[in-house]
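# Secondary and tertiary structure notes
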Amino acid sequence: NAGVTQTPKFRILKIGQSMTLQCTQDMNHNYMYWYRQDPGMGLKLIYYSVGAGITDKGEVPNGYNVSRSTTEDFPLRLELAAPSQTSVYFCASSSIGLITDTQYFGPGTRLTVL
Amino acid sequence: GQQVMQIPQYQHVQEGEDFTTYCNSSTTLSNIQWYKQRPGGHPVFLIQLVKSGEVKKQKRLTFQFGEAKKNSSLHITATQTTDVGTYFCAVFNNDMRFGAGTRLTVKP
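The paragraphs below set out a description of the structure included in this document. (Residues numbered from 1 in each chain as written. Chains lettered and ligands numbered in written order. Predicted model: local features only at pLDDT ≥ 70, side-chain atom pairs only at ≥ 80, totals over all residues. Heavy atoms only, no water.)

## Some words on the side chain of His29(A)
All names here are of chain A. Relative to the elements of secondary structure, His29 occurs in the loop between β3 (19-25) and β4 (31-37). Within the structure, the side chain of His29 is placed 3.5 Å from the backbone nitrogen of Ser94, a separation counted as a polar contact. With sequence-adjacent residues up to four places away left out, His29 is seen in contact with Arg68, Thr71, Ser93, Ser94, Ser95 and Tyr104. (Helix = DSSP H or I, 4+ residues; strand = E, 2+ residues; numbered from the N terminus. Polar contact = N/O pair within 3.5 Å; in protein donor to acceptor, adjacent residues only side chain to side chain. Contact = heavy atoms within 4.5 Å.)

In C-alpha cells:
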C-alpha cells in the first residue's frame, strides 16, 4: 500500500492564481482531512470528509473548497491564492473517525504564494 | 472548538537526558492523541489516551492522561538523537485541534 499520496510536493503561485492539491489514499478509509501547517505552528483543520459525497468545514475553511466524489480522492481547491495561504498542506485519512482513530498523513505539499 | 496549550515551545537537551512536554486544556477532554513530526516530515501517530489517569508506555516514551482529563504529558527517558522532532498533542471537540508542538533538539 502506498498509503496517502499528495501531489505536487512543491508549488509557487502568484497572487490571484488558482490550483488544486491532489490527495489519494489506497487504504479504503472513509474519513479524509486537509490540514495546513504554518512555520513553527501546529496543524489547523481546513476541511474533512466522512465519506464520498460528504464534506464539512474545519477550523480554517475560508479561501478553500473540497470535493469527495470517490472514497480514494479528496482534492483541495485554492481559488484566488493569497500570501496568507503560504503554508505546508497535509492530507490525512482514517478508517473510523477523528475521535477514536489513528490518522495517516501524506508527505505534504509546500505552497508559496508570491 | 477546543483549544489546547502545549509547553514548552522548545527544548534542547544533551543526549541521555530526559524530556517532557505537556498539554493543558481548560475543559475536560474526551481523549487525546500524540504525534511526532521529524524535521521536514509529516506527523506520525504515536498513541491515543482515553481513560482518566491512563498511563501508556512505548519503550522509552511514557504517556499520561490526567485524572481530570484536562492535561496530558509525554516523557522520554534518556533521549537519543533519533528522538529529534516536534511532538504534538491533538484533541477532538467538534473538530480536530492540534497543540502548537514542542520542538526537541538533542545534542550528541
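Text resumes after the structure shown.
## Considerations on the state of the cysteines
Throughout the structure, instances matching the rule amount to two disulfides over all chains. Here Cys23(A) connects covalently by a disulfide to Cys91(A), the sulfurs 1.8 Å from one another. Between Cys23(A) and Cys91(A), the S-S torsion sits near -70 degrees, and that sign places the bridge as left-handed. Taken together, the residues Cys23(A) in strand β3 and Cys91(A) in strand β9 (residues 87-94) connect sequence positions 68 residues apart. What makes Cys23(A) buried here is its relative accessible area of 0%. There is a disulfide in this structure between Cys23(B) and Cys89(B), and the S-S distance comes to 1.6 Å. The chirality of the disulfide connecting Cys23(B) with Cys89(B) is left-handed, given an S-S dihedral of about -85 degrees. Here Cys23(B), found in strand β3 (residues 19-24), pairs with Cys89(B), found in strand β9 (residues 85-93); they are 66 residues apart in sequence, far enough to count as distant. Look at Cys23(B) and you get buried, because its relative accessible area is 2%. (Disulfide = S-S within 2.5 Å. Buried < 20%, exposed > 50% of the residue type's maximum accessible area, 1.4 Å probe, protein only.)

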